[in-house]
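Spelled out, the chains give:
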Amino acid sequence: MSNSTTLKVRLPVFVVLLEIVILALYAVFVTYDDNANAKLQNNQTNPMENSLYRDYPYFSDVQVMIFVGFGCLLAFFRFYGFSGMVFNFLTATFAIQWAILVQGFFQFYYDGKIHLSVINLLNAEFACAVVLISFGAVLGKTSPVQLLVMVLLEIPVFAVTEWAVLKYIRINDAGGTILIHLFACYFGLGVTFVLYRPSLNDGHAKEITSYHSDILSVIGTLFLWVFWPSFNSALTFKGDDQHRAILHTFIGLSASTMTAFALSAMFNKRGKLTMADIQNVTLAGGVTVGASVDMMISPAAAYALGIMGCTACFFGYKYLTPFLAHHMRIQDQCGIHNLHGLTGLISSTAGICAILLATEETYGPSMYQIFSHRAPPEGDPKLLELQRMIPGLKPGLGRTAQEQALYQVAAVFSTIAASAIGGLVTGFIMKLPSMASPADRDCFDDELFFDMPSDFVGAEVLKTTCNDEKGQIKSMDSNV
Amino acid sequence: MSNSTTLKVRLPVFVVLLEIVILALYAVFVTYDDNANAKLQNNQTNPMENSLYRDYPYFSDVQVMIFVGFGCLLAFFRFYGFSGMVFNFLTATFAIQWAILVQGFFQFYYDGKIHLSVINLLNAEFACAVVLISFGAVLGKTSPVQLLVMVLLEIPVFAVTEWAVLKYIRINDAGGTILIHLFACYFGLGVTFVLYRPSLNDGHAKEITSYHSDILSVIGTLFLWVFWPSFNSALTFKGDDQHRAILHTFIGLSASTMTAFALSAMFNKRGKLTMADIQNVTLAGGVTVGASVDMMISPAAAYALGIMGCTACFFGYKYLTPFLAHHMRIQDQCGIHNLHGLTGLISSTAGICAILLATEETYGPSMYQIFSHRAPPEGDPKLLELQRMIPGLKPGLGRTAQEQALYQVAAVFSTIAASAIGGLVTGFIMKLPSMASPADRDCFDDELFFDMPSDFVGAEVLKTTCNDEKGQIKSMDSNV
Amino acid sequence: MSNSTTLKVRLPVFVVLLEIVILALYAVFVTYDDNANAKLQNNQTNPMENSLYRDYPYFSDVQVMIFVGFGCLLAFFRFYGFSGMVFNFLTATFAIQWAILVQGFFQFYYDGKIHLSVINLLNAEFACAVVLISFGAVLGKTSPVQLLVMVLLEIPVFAVTEWAVLKYIRINDAGGTILIHLFACYFGLGVTFVLYRPSLNDGHAKEITSYHSDILSVIGTLFLWVFWPSFNSALTFKGDDQHRAILHTFIGLSASTMTAFALSAMFNKRGKLTMADIQNVTLAGGVTVGASVDMMISPAAAYALGIMGCTACFFGYKYLTPFLAHHMRIQDQCGIHNLHGLTGLISSTAGICAILLATEETYGPSMYQIFSHRAPPEGDPKLLELQRMIPGLKPGLGRTAQEQALYQVAAVFSTIAASAIGGLVTGFIMKLPSMASPADRDCFDDELFFDMPSDFVGAEVLKTTCNDEKGQIKSMDSNV
């Protein structure tokens, strides 16, 4: 470790500055939402109808995904388990508290205040998921200071993009395929493009897993798998929409899991299973059903999407990731382009097909609720008629299916553009000096930023023993 | 590894075939349940009364049990952690998607379609639990191809048995003691009887745990323990019935946990605790309260059942499992006969006692709801009277308590018979060539089916060090 | 291991005695609450309004915290993972079943019976949390028999204190800061004061962590972190009160997590992060918001409390814990005085400020619901007026804010006094012979009470190699 990576001054100073700013902004701008405000309760209020009881179960499930699921999943390197899990903890924590403010300004701001309830936290968790996905691209090669800078910049770019797309382009994206997965992916690729490290292109001695880190990572995968239906359905309409979202997500994940096992064995030289496939490719179905997750696509279509997403993701890991690294200076450490980019593109396409195929025959009048921008505009007599059948239906824009499909395409391209540019700029800022960026040889090594327990065998020992055929590792392994 | 166990061709081919069949069947037969169908929503629909909100929390809890709980629990072998956890993942995934179809035909089929909602998934999870319990009997000795074959056959046998018992014998079995635990146990024993490996009867060098695998397995136990009340109560009537099911399960588990610690220390030579007891025997109470879990048995009876089940389970592990292996060719790897068979028999007996003791004095008119087959038949004037007190009470069969008890006995025996025969047949099919069945020496070894990280020390090293008289490992391993 | 610590006789005898007593008491005194009693269901009952559905989700979340969260967190020692996790399991199980009875007598006893429902279990879990926190003070230095004795005595002392404070002093303490955290802390300090071991004051060779135990412990932290909002809000009023409790807990934890990272790096010699800080200090915010968690303190105040609690906790670990050990004979193994004592005192102070600042202007009429002792007494005309606005408002004591603040102060001091005295007495009883108390040299060692797997390298090996300058282990330890 050189002095350039000690956190002694820069991390505390940066964190304390952030905390002062956030505390000041909370004090000035954040107040309680009506559902959390004691003053607004009266004899008309039924406590059990508080929005809390609709939102908290999903918030709680997503919390497990973010902190435990991602945390374990990212701890898959043999010498980088502390960092994977703990930097995920730090990054997620800051991302949520920052997103409460930034997203709050765009989505929950009125009467001069951000109004806080669990639904804000839930939205902030999705912003946080965006950052954590992007983090996957640079795992092992960034300091906690760099990660905090990434959060600081990615959250506003995301919040603005989300707000602009939802307000001006107006799309259907219940599972967050476009706004979460595609945004996160191309932002992360932008960052890693700038942080390119040529010397790591042929692998790094510490870029390996261990028996225990592989198991830990699978546990992370399982937590993500189990709660993914909550993730994909948390922001849909309540009722049958959310019900379908849960069914489709489960079926999609289930199909992609089966497929991942088949492909893993088929393309392994010796016909064995590869843990990295089990850890990542199994999850592809959850992303792939995202854009059409609440639509009447049929269970079979969800199954087919799971298979397709998984296949694309698998071959992405096999061929595209090495290609990007060697020919395009994009070192995508966890392969986010496979798990979130390729699947996201398939999902967006499927969403567009589902929009084009949607008819009142299939959906009944609630078509205008799901595809809210196709609802007749204010003043249209058809709107009144529909509102008799679906009370509370809001006036829409009267778009046709074809128009909506074009807007979806526009959203995909503008999201990719915004995120890639945002990622590039963020990458340049993360590359500035004083960010404690690890030297190439110190990547993937917990020892750089942590006080290590005495049984930790770091990089030095590994190198020594690689040269020394009968050396220490041999004898250490015999302790196992 | 010999060529006979490479998965390169057989796993992908088998999985792809299964996927094609399932996709076709989903496309033709599976549609949305009314609660997930957009077309059926109208101005009478209250989205918050969607069945989703009644079923999803229990589905979600059972998901954690199946994927994380079982996954970690089955990872207790030192050299078989990948396989335990990952084969559980594969098996569970396929079991649920297959059970959605097969159970769907028996339980959710009308108008030519299987109607899909979260309640189907919940039922499919129970079918999945059946398979995973049976899997415990053959853990370490089967290939993933064999496991998929087991799922393929066990699910239909289970679905038919379940349907026949519920439709023709008509029993009370809220916690699934008879249909889940007894079925799973005797099916698994049938399979392992056929797959008998004489050379493994005196133990296998790799049939050991490690410090970390033992801890991982306890984590699995804890997740099962924590969510077991949801498992036992997921399919009861809502309201006080589900409430009692949760209370009884908690109390039963709690009593069996205390007892397991006492017995573990008492019967250990040096008065120490044995991790295998903590991992398994503590859970016996959850099974033992199953058959009477929603009845008015009193909290004290649940406590007593926990103690009894735990005691039977403990001595089963100590005496019966070795006896079965040495004298009856039944190698029950995880001791499922102790944790699910013996406890299941006690539970069934307790259920019968509870049925015989049930009176209107204790239950009030809702006795005829819990013991629905004792309700007066259609046309009986008593039915109308009862329906005034319990609206929605369905006509029953007018059985007496004694009659119902006899039907319960019949159900126990027919379930055991059906499952044992099904298991034997399944075992023979799993024994066919080309199933990639591991050789005896390759059992309990991840290396057979996985690409291993470099720190994995497999069987070869273990043997080497055993020959080296002065090596540390030797002296430690000699404790085994 | 000497004979004095074998569990062969004493653990089973003690457990069986306890079980007989508990079973007898359950049989005589415990019956179902109305919500779990089949007899009380009639045509007025709506099953979905059963109290189960309000309480079970929170019960379930707290179960994960108690069994998985605490279990993993306490497994942080390298040679004491089995004990940390498994003794937590035993202690928690017994604590809950014992608290159901003891707390039941004080809180749910009428008509000669304890009436059991999930709300009792939820309350019993809080009593259990008290014991587990106290356990932290003596981790590594106590036998399971001693721990059961601690449960046996701490639960009644806690239940009496809780009952007396709530009935006679009448306080606001929604998050359980005073009754849970302060009680648990000073009880634990009392016990450890009596169990003082001078020879351990300069550290113990086995008092170290390992790479895997540190990761495991962080997983425990993450589960506690994720479900803490449920813990702090489980017993508040439903509706906006619970909503605020969840928001404040999340914000408090979030602020303390950021702060913990900053302080950890700042006060480390080489500017690195220390895992013990991540495992413990991050959680300080959850305790610190406790006493005012349901009040209208504003989100910014919750943030500030998180920072303050974390700072106090961090410096407590750094300076106060060594001071207590060296100068006051208080060996606080897990530093519960930092995480629960100091934060508890800050939280109590904050609660008092919030009480003094509470006005009808901020809270509206529901002020008299949150601060129920400030509600006008029976017969006061203002009560009738308020009851028109808040139906179901109960008459209070007509206390002023200042009076209520004084009662809070009284509650803090009496709770600390009762718990410290209870802890001292309990410590003396735990010190009696025949409790299987470990010798100093056997502390922090799983081998004392467990059959160990062959890869466990215990104390002997560690000592041997420490003397052997060229030994393998030595060279690894020199990384420290």
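Above this text is the structure in question.
Anyway, here's the lowdown on the structure attached to this text. Throughout, a residue's number is its position along its own chain's written sequence, starting from 1. A letter from A marks each chain and a number from 1 marks each ligand, given out in the order of writing. At least 70 in pLDDT is required for a residue's local features to be given in this predicted model, at least 80 for side-chain atom pairs to be given and counted, and no such filter applies to totals for whole chains, interfaces and linings, which use all residues. To get the side-chain values, all heavy atoms of the structure are used, and hydrogens and water are removed first.

1. Structural notes on the overall build of chain A
Okay, so step 1: When helices and strands are counted, chain A shows 18 helices and three strands.
Okay, so step 2: For a compact globule the rule gives 2.2 Å times the number of residues to the power 0.38, and the radius of gyration it is set against comes from C-alpha atoms. The C-alpha radius of gyration of chain A comes to 23 Å, within 12% of the 23 Å expected for a compact globule of 480 residues.
Okay, so step 3: The principal-axis extent of the C-alpha atoms belonging to chain A is close to 85 × 55 × 40 Å.
Okay, so step 4: A total of 480 residues make up chain A; the buried ones form 67% of that total.
Okay, so step 5: Throughout, a residue-residue contact means that at least one pair of heavy atoms, one from each residue, lies within 4.5 Å. For chain A, contacts bridging at least 24 residues in sequence account for 78% of all contacts bridging at least 6.
Okay, so step 6: Positive charges come from Lys and Arg, negative ones from Asp and Glu, while His and the chain ends are left out of the count. By convention, the charge on Lys lies at NZ, on Arg at CZ, on Asp at CG and on Glu at CD. Side-chain charges of chain A comprise 28 positive and 36 negative groups, with the mean position of each set lying 5 Å from the other. Strands here are runs of E lasting at least two residues and helices are runs of H or I lasting at least four, both read from the DSSP assignment and numbered beginning at the N terminus. For every residue, the accessible area obtained with a 1.4 Å probe (protein chains only) is divided by the maximum for its type, and the residue is called buried under 20%, exposed over 50%, and partly exposed between those limits.

2. Considerations on the sheet that holds strand 1 (residues 30-32) of chain A
Residues and elements named next belong to chain A.
Okay, so step 1: Strand order in the open sheet formed by three strands is 1-3-2, and the pairing between neighbours is mixed. Of all strands in the sheet, those bounded by a partner on one side alone are strand 1 and strand 2 (109-110).
Okay, so step 2: Where strand 1 meets strand 3 (residues 113-116), three bridges bridge the pair, whose relative direction is parallel. Paired with Tyr32 across the strands is Leu116, a residue of strand 3.
Okay, so step 3: A fitted line through C-alpha atoms serves as each axis, taken over the contacting stretch for helices, and the angle formed by two N-to-C directions is quoted from 0 to 180°. Helix 3 (residues 81-107) contacts strand 1, strand 2 and strand 3 of the sheet and is inclined by roughly 110° relative to strand 3. In this analysis, strands are considered paired if DSSP registers two or more bridges between them.

3. With respect to unusual backbone geometry
Residue and element names in this part refer to chain A.
Okay, so step 1: Its identity is not glycine, yet Asp111 carries a phi of approximately 50°, on the positive side.
Okay, so step 2: Assignment of secondary structure puts Asp111 in the loop between strand 2 and strand 3.
Okay, so step 3: Its identity as a non-glycine residue notwithstanding, Ser434 has a phi of 70°, on the positive side.

4. Remarks on the sheet that holds strand 3 (residues 113-116) of chain C
Residues and elements named next belong to chain C.
Okay, so step 1: Judged by pairing direction, the sheet is mixed, and its three strands sit side by side in the order 1-3-2 without closing on themselves. Two strands in the sheet have a free side with no partner beyond their single neighbour: strand 1 (30-32) and strand 2 (109-110).
Okay, so step 2: Pairing between strand 2 and strand 3: two bridges, direction antiparallel. Residue pairing across strands places Tyr109 opposite Ile114, the latter belonging to strand 3.

5. Side note on the interface of chain C and chain A
Okay, so step 1: Counting residues at the interface gives 77 residues for chain C, matched by 77 residues for chain A.
Okay, so step 2: Defined in terms of a 1.4 Å probe, buried area is the accessible area two parts forfeit on being brought together, summed over both. Taken over both partners, the interface formed by chain C and chain A buries close to 6,600 Å², and the fraction arising from carbon and sulfur atoms is 69%.
Okay, so step 3: When the buried surface of chain C facing chain A is broken down by residue, Tyr211, His243 and Met258 of chain C rank first, second and third, together holding 12% of it.
Okay, so step 4: Here, a salt bridge means any Lys or Arg side-chain nitrogen found within 4 Å of an Asp or Glu carboxyl oxygen. Taken together, chain C and chain A are joined by one salt bridge.
Okay, so step 5: Here Asp451 of chain A makes a salt bridge to Arg270 of chain C, at a shortest N to O gap of 2.8 Å.
Okay, so step 6: Polar contact is the term for a pair of N or O atoms within 3.5 Å; when the atoms are in protein, one must be able to donate a hydrogen and the other to accept it, and sequence-neighboring residues count only if both atoms are side-chain atoms. At the junction of chain C with chain A, the criterion picks out 31 residue pairs in polar contact (both at pLDDT 80 or more).
Okay, so step 7: Among the elements that take part in the side of chain C that touches chain A, helix 8 (residues 240-266) of chain C stands out by supplying 18 residues, more than any other.
Okay, so step 8: Classification used: nonpolar for Ala, Val, Leu, Ile, Met, Phe, Trp, Tyr, Cys and Pro, charged for Asp, Glu, Lys and Arg, polar for all others including Gly. In terms of residue class, the side of chain C that touches chain A is built from 41 nonpolar, 22 polar and 14 charged.

6. With respect to the relation of the copies chain C and chain A
Okay, so step 1: Least-squares fitting of chain C to chain A yields an RMSD of 0.0 Å, with the transformation described by 0.0 Å of translation along the axis and a rotation of 120°. Both chain copies can therefore be described as sitting about a three-fold axis.
Okay, so step 2: Take the interface residues of chain C: only 12% of them recur as interface residues in chain A, which is what a contact between different surfaces looks like. What sets the superposition is a least-squares fit of C-alpha atoms, and only residues with pLDDT of at least 70 in both copies go into it.

7. Focus: the interface of chain A and chain B
Okay, so step 1: Counting from both sides, the interface comprises 74 residues of chain A and, opposite them, 73 residues of chain B.
Okay, so step 2: Taking both partners together, chain A and chain B bury about 6,300 Å²; carbon and sulfur atoms supply 70% of that area.
Okay, so step 3: By the criterion of area lost to chain B, the three top residues of chain A are Tyr211, His243 and Met258 of chain A, representing 13% of everything that side buries.
Okay, so step 4: On the surface where chain A and chain B come into contact, there are 31 residue pairs in polar contact (both at pLDDT 80 or more).
Okay, so step 5: For the side of chain A that touches chain B, the secondary structure elements donating two or more residues are helix 2 (52-73), helix 7 (211-233), helix 8 (240-266), helix 9 (275-280), helix 11 (299-327), helix 13 (360-363) and helix 15 (381-389) of chain A.
Okay, so step 6: For the side of chain A that touches chain B, the leading source of residues is helix 8 of chain A, giving 18 residues.
Okay, so step 7: Residue composition of the side of chain A that touches chain B, grouped by class: 40 nonpolar, 21 polar and 13 charged.

8. Remarks on helix 8 of chain A
Okay, so step 1: In a regular helix each residue adds 1.5 Å, so 27 residues correspond to 39 Å; helix 8 of chain A covers 39 Å between its end C-alpha atoms and thus fits that length.
Okay, so step 2: Judged by how many residues are buried, helix 8 of chain A sits mostly within the fold: 26 of 27 residues are covered. Expected span, for any helix, means 1.5 Å times one less than how many residues it has.

9. Brief notes about the packing of aromatic side chains
Okay, so step 1: Pairing of aromatic side chains here covers Phe, Tyr and the six-membered ring of Trp, requires ring centres within 6.5 Å, and sorts the geometry by plane angle: under 30 degrees stacked, over 60 edge-to-face, intermediate tilted. Considering all chains together, one arrives at 102 aromatic pairs over all chains under this definition.
Okay, so step 2: Taken together, Tyr56, Phe59, Phe67 and Phe89 of chain A together with Tyr58, Trp225, Phe250 and Phe261 of chain C form an aromatic cluster joined through their ring pairs.
Okay, so step 3: By definition here, charges over rings are those cases where NZ of Lys or CZ of Arg is within 6 Å of the ring centre and within 35 degrees of the ring normal. The side chain of Arg329 of chain A reaches across the aromatic face of Phe193 of chain A, ending 5.4 Å from its centre.
Okay, so step 4: The ring of Tyr407 of chain C has Arg399 of chain C lying over it, and the distance from NZ or CZ to the ring centre is 3.5 Å.

10. What to know about the pattern of salt bridges
Okay, so step 1: Considering all chains together, one arrives at 21 salt bridges over all chains under this definition.
Okay, so step 2: Put simply, Asp240, Asp241 and Arg244 of chain A are held in one network by salt bridges that share partners.

11. Focus: the relation of the copies chain A and chain B
Okay, so step 1: For the pair chain A and chain B, the superposition axis carries a translation of 0.0 Å, the fit reaches an RMSD of 0.0 Å, and the rotation angle comes to 120°.
Okay, so step 2: Both copies present different contact surfaces, since only 4% of the interface residues of chain A are interface residues in chain B too.

12. Description of the packing of helix 5 (residues 144-169) of chain A against helix 16 (residues 401-430) of chain A
Residue and element names in this part refer to chain A.
Okay, so step 1: Between helix 5 and helix 16, whose axes approach to 10 Å, the crossing angle comes to 160°. Our classification of the angle between helix 5 and helix 16 gives roughly antiparallel. Considering only the axes of helix 5 and helix 16, their crossing is right-handed. Contacts between helix 5 and helix 16 involve Gln146, Val149, Met150, Leu153, Val157, Thr161, Val165 and Ile169 from the first element and Tyr407, Ala410, Ala411, Ser414, Thr415, Ala418, Gly422, Thr426, Ile429 and Met430 from the second.
Okay, so step 2: Grouping the constituent residues of the contact of helix 5 with helix 16 by class yields twelve nonpolar, six polar and no charged. Oblique is the label for every angle not falling under 35 degrees (roughly parallel), over 145 degrees (roughly antiparallel), or within 65 to 115 degrees (roughly perpendicular). Here a crossing is taken to be left-handed if its near helix is turned anticlockwise relative to the far helix by less than a right angle, and right-handed if that turn runs clockwise.

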